[in-house]
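Structural description and commentary
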Amino acid sequence: MSGITGKVVAITGASSGIGEATARLLAERGAVVALGARRTERLDAIAGELRDRGAGVITCRTDVTRRADLDELVARTVAEFGRIDVLVGNAGISKIGLMAEGDVDAWSAMIDVNLRGVLHGIAAAMPAFRRQGAGHFVTTVSTAGLKITPTMAVYGGLKNAVRTILEGLRQESTDGVIRTTAVSPGYVRTELADSIDDAGVREQIRRSMAELAIAPEAVARTIAFAIEQPDDVEIGEIVIRPARQD
Ligand code: NDP
């Protein structure tokens, strides 16, 4: 099935930022969407708006650090809409800081959400994708894995781990059943900096965002571009950054 109309897309981290913008754009373009995140009141508000415009939407409280939550997101999507065509693994946090701080708790939290959370989604959706004979993993990684800057070593390293995993998955899926897309955004105007614990680093990132960041809708359009391709076309990687980002 090519195009977006009628596609069934589950999105993690759909309660704000890139995930929310992606849900809105895909729904507007005729997809049915399953929205996962922890802040269910936000999901319900977004879902209400989309339903008012005629879209098919469900919400599912999803903490990606819990494997069972991803299983439930996929199961409820399939139960409601009959299948799942795309999983957008987008949930993420950015507890960045200098390595010298030795903040093992922050590193662990990022491992749990940004790496383990993606793996939970892959494990949850893979059986359905294989059963259906088609499925697409679209995952939000980052330019922080392409240009390594101070404070972003662990965050960028985990995003690169996800890129590597998606490429490995692609190599194992040359029968054409599974497609993978890694979307690497640069600075995007979202709530991501809120998850930074270090006040100095948080302010620095907020300043960079205020100066440079692009709208989450720009990333949503690149995700839509990957999803709307014909079945035999795979957009493996997309880098989308502010034109003035170094
Ligand atoms: P936001 O903070 O606006 O969105 C993050 C989303 O992730 C929220 O919906 C949040 O929902 C969700 N989330 C966080 N923790 C969990 C969890 N444990 N389980 C489920 N959902 C969770 O930031 P962005 O939109 O910017 O972030 C989206 C993705 O884009 C992330 O992976 C981020 O790393 C990546 N990215 C962002 C960039 C930027 O500059 N903004 C640049 C490059 C990549 P809730 O709290 O309701 O659970």
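Anyway, here's the lowdown on the structure attached to this text. Only a predicted model underlies this, so the values are computations on that prediction, with no experimental measurement involved. (Residues numbered from 1 in each chain as written. Predicted model: local features only at pLDDT ≥ 70, side-chain atom pairs only at ≥ 80, totals over all residues. Heavy atoms only, no water.)

Among the 31 residues in the neighbourhood of the ligand, the closest are listed as Ser-15, Arg-38, Arg-39, Tyr-155 and Thr-190. In the model, an oxygen atom of the ligand is placed 2.7 Å from a nitrogen or oxygen of the Arg-38 side chain. Val-64 places a main-chain nitrogen or oxygen 2.9 Å from a nitrogen atom of the ligand. Mapped by element, the contributors of at least two residues to the shell around the ligand are helix 1 (17-28) and helix 5 (153-171). When grouped by side-chain class, the residues that make up the shell around the ligand number 14 nonpolar, twelve polar and five charged. (Near = heavy atom within 4 Å. Polar contact = N/O pair within 3.5 Å; in protein donor to acceptor, adjacent residues only side chain to side chain. Helix = DSSP H or I, 4+ residues; strand = E, 2+ residues; numbered from the N terminus. Nonpolar A, V, L, I, M, F, W, Y, C, P; charged D, E, K, R; others polar.)

A few words on the side chain of Asp-69. Within the element layout of this structure, Asp-69 appears in helix 3 (residues 67-81). In this structure Asp-69 comes out as buried when scored by relative accessible area, which is 6%. At a separation of 2.8 Å, a polar atom in the side chain of Asp-69 contacts the main-chain amide nitrogen of Asp-63. Sequence-distant contacts of Asp-69, defined by excluding residues within four places in its chain, comprise Arg-61, Thr-62 and Asp-63. (Buried < 20%, exposed > 50% of the residue type's maximum accessible area, 1.4 Å probe, protein only. Contact = heavy atoms within 4.5 Å.)

A few words now on the sheet that holds strand 7 (residues 237-240). Taken in spatial order, the seven strands of this open sheet run 3-2-1-4-5-6-7, and their pairing is parallel. With one partner strand each, in any of the chains shown, strand 3 (57-61) and strand 7 form the two edges of the open sheet. Mean inter-strand twist for the sheet, computed between neighbouring axes without regard to direction, equals 15°. Two elements, strand 6 (residues 178-185) and strand 7, share four bridges in a ladder whose sense is parallel. For Ser-184, the partnering residue across the bridge sits in strand 7 and is Val-239. (Pairing = 2+ DSSP bridges. Axes fitted to C-alpha atoms, helices over the stretch in contact; angles between N-to-C directions.)

Judged by which residues are buried, strand 4 (residues 86-89) turns out to be covered on both faces: Val-86 and Val-88 on one side and Leu-87 and Gly-89 on the other are all buried. As defined by bridge partners, strand 1 (residues 8-12) adjoins strand 4 across three bridges and the pair is classed as parallel. Bridge pairing in strand 4 places Ala-10 opposite Leu-87. Relative to strand 5 (residues 135-140), strand 4 is paired through four bridges, and the arrangement is parallel. Directly across from Val-88, in strand 5, lies its bridge partner Val-138. In this fold, the crossover linking strand 4 to strand 5 by way of helix 4 (residues 104-132) has right-handed handedness. (Right-handed = clockwise from strand over helix to strand, strands pointing away.)

Moving on, we get to the environment of Gly-56. Along the polypeptide, Gly-56 turns up in the loop between helix 2 (40-52) and strand 3. C-alpha of Gly-56 to C-alpha of Gly-30: the two residues are 26 residues apart in sequence and 8.7 Å apart in space. Apart from residues lying up to four places away in sequence, Gly-56 is in contact with Ala-31, Val-32, Val-33 and Phe-81.

These figures come from the coordinates and say nothing about function on their own.
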